[in-house]
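Chain and residue survey
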Amino acid sequence: MATPRPPSLAMDQRAAGPGPPRPARRQLPGWLVVIVPALAALAVGGYRIGGPSLWRDEAYTLGTAQRSFGQIFDLLLHVDAVHGPYYLGMHVVVATAGTSEAALRLPSLLATGLAAGITAALGRRLGRMTGLPAPGLTGLLAGLLYAATPQTTFYAQDARPYGLVTACATAATYLLIVALADGRKRWWAGYGAAIALTGMASLFALLLVAAHAVTLLVTSRPPPTSPSPSMPPSLGRMRPFLAAAGIAAAVLSPLIFLGYQQDRALGWVSAPGL
């Protein structure tokens, strides 16, 4: 007669009940995820920031910023109104920090560091929303990759508004994600303000609103397995978005009008072909 086999280890564990809970995987602190890419962007972009001499557009920034507020407003009524908020801000920079190359490029550098930190925060939040195992690491890598991009360093050392545009656009995207998850009006107000600041830095950057709208339309559709796959997108998500974007457009309407009236200043730029 065969000897009965002893119960397996798995059977013993089931009989003994569930074991101790697994320790939670340690996550990177949120402040570390944001600070490290921001500091990296400041370090990389700040290296020899005052070395290269001003090029043509930077020299135009300096020449305009050295005028009085009244003279800047008179200029903007005739040409380059789309960069008016930037020139007015740079007038304050020149008055307080001087006219050196480093001083003129400092706002772009600070904006680049801010954009790197916000990119990391955005990556971390999206990683958590989608259930990635290491959302902190995802955000950290996103911010560091942004800081390491050569184009990022180029605009961090450019006395033009492009670094500020990127920071505002990144902030607007982050605030949109938070507003969708939270739903409170203060986040939608913050999103609208960020879009308005983005447009003040560059009207072309308002194309970001179209990208955000497409994202909302796509993510609002029910899954294919839904009983009503042909259901229209949820208006509950679109209404506050359209309201915030509409208010931002209203705030920017004078700048948009002046910019359209002054498009002759770019008449020398040839239209792109197919």
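A brief look at the structure comes next. (Residues numbered from 1 in each chain as written. Predicted model: local features only at pLDDT ≥ 70, side-chain atom pairs only at ≥ 80, totals over all residues. Heavy atoms only, no water.)

1. Some details on the overall build of the protein chain
Looking only at helices and strands, one finds 12 helices and zero strands in the protein chain. Its helices and strands in sequence order give the protein chain the pattern α-α-α-α-α-α-α-α-α-α-α-α, from N to C terminus. Taking as baseline every contact in the protein chain between residues at least 6 positions apart, the subset at least 24 positions apart corresponds to 72%. Only carbon and sulfur atoms are counted for the fraction: they give 68% of the accessible area of the protein chain, which is about 16700 Å². (Helix = DSSP H or I, 4+ residues; strand = E, 2+ residues; numbered from the N terminus. Contact = heavy atoms within 4.5 Å. Areas by Shrake-Rupley, 256 points an atom, 1.4 Å probe, with all protein chains shown as cover.)

2. Notes on the packing of aromatic side chains
This model, assessed by the stated rule, comprises six aromatic pairs. Taking the centre distance of 5.0 Å and the plane angle of 85° together, the rings of Phe-154 and Tyr-155 count as edge-to-face. Here Phe-154 falls in the partly exposed class, since its relative accessible area comes to 49%. Ring plane angle 70° and centroid distance 5.4 Å describe the contact between Tyr-155 and Tyr-162, whose orientation is recorded as edge-to-face. Look at Tyr-155 and you get partly exposed, because its relative accessible area is 28%. Taking the relative accessible area as the measure of exposure, Tyr-162 reaches 34% and is therefore partly exposed. (Phe/Tyr/Trp six-rings, centres within 6.5 Å; stacked < 30°, edge-to-face > 60°. Buried < 20%, exposed > 50% of the residue type's maximum accessible area, 1.4 Å probe, protein only.)

3. Overview of the packing of helix 3 (residues 56–65) against helix 5 (residues 84–97)
The geometry of helix 3 relative to helix 5 is characterised by a closest axis approach of 8 Å and an angle of 75° between their N-to-C directions. Here helix 5 runs roughly perpendicular to helix 3, going by the angle between their axes. On helix 5, the residues touching Tyr-60, Thr-61, Leu-62, Thr-64 and Ala-65 of helix 3 are Tyr-86, Tyr-87, Met-90, His-91 and Val-94. When the residues that make up the contact of helix 3 with helix 5 are grouped by side-chain class, the tally is seven nonpolar, three polar and no charged. (Axes fitted to C-alpha atoms, helices over the stretch in contact; angles between N-to-C directions. Parallel < 35°, antiparallel > 145°, perpendicular 65-115°, else oblique. Nonpolar A, V, L, I, M, F, W, Y, C, P; charged D, E, K, R; others polar.)

4. A few points about the environment of Thr-219
By the secondary structure assignment, Thr-219 is in helix 11 (residues 207–219). Here Thr-219 falls in the partly exposed class, since its relative accessible area comes to 48%. Along the backbone, Thr-219 and Arg-237 are 18 residues apart, and their C-alpha atoms lie at a distance of 10.0 Å. At a separation of 2.8 Å, a polar atom in the side chain of Thr-219 contacts the main-chain carbonyl oxygen of Thr-215. A polar side-chain atom of Thr-219 sits 3.4 Å from the main-chain carbonyl oxygen of Leu-216. (Polar contact = N/O pair within 3.5 Å; in protein donor to acceptor, adjacent residues only side chain to side chain.)

5. Notes on the packing of helix 2 (residues 30–46) against helix 7 (residues 135–148)
Helix packing for two helices is described by the angle between their axes and how far apart those axes are. Between helix 2 and helix 7, whose axes approach to 9 Å, the crossing angle comes to 10°. In terms of their interaxial angle, helix 2 and helix 7 are classed as roughly parallel. Counting all contacts with helix 2, which are made through Leu-32, Val-33, Val-36, Pro-37, Ala-40, Ala-41 and Val-44, the residues of helix 7 involved are Gly-136, Gly-139, Leu-140, Gly-143, Leu-144 and Ala-147. Split by residue class, the contact of helix 2 with helix 7 holds 10 nonpolar, three polar and no charged.

6. Comments concerning the nonpolar core
In terms of nonpolar packing, the biggest core is built from 19 residues, with Ala-172, Trp-188, Tyr-191, Ile-195 and Phe-241 touching the most fellow members. At the level of elements, helix 9 (162–182), helix 10 (185–201), helix 11 and helix 12 (235–261) are the ones that each hand at least two residues to this core. Not counting residues up to four positions away in its chain, the partners in contact with Ile-195 are Ala-172, Leu-206, Leu-208, Val-209, Ala-248 and Leu-252. With 12 residues, the next largest nonpolar core counts Leu-62, Tyr-86, Leu-88 and Met-90 among its residues. (Core = buried A, V, L, I, M, F, W, Y, C linked by side-chain atoms within 4.5 Å.)

7. What to know about the side chain of His-91
Turning to its location among the elements, His-91 is positioned in helix 5. Separated by 2.8 Å, the side chain of His-91 and the backbone oxygen of Ala-65 make a polar contact. Those residues in contact with His-91, other than ones at most four positions away along the chain, are Ala-65, Arg-67, Ser-68, Phe-69 and Ile-72.

By themselves these figures say nothing about function.
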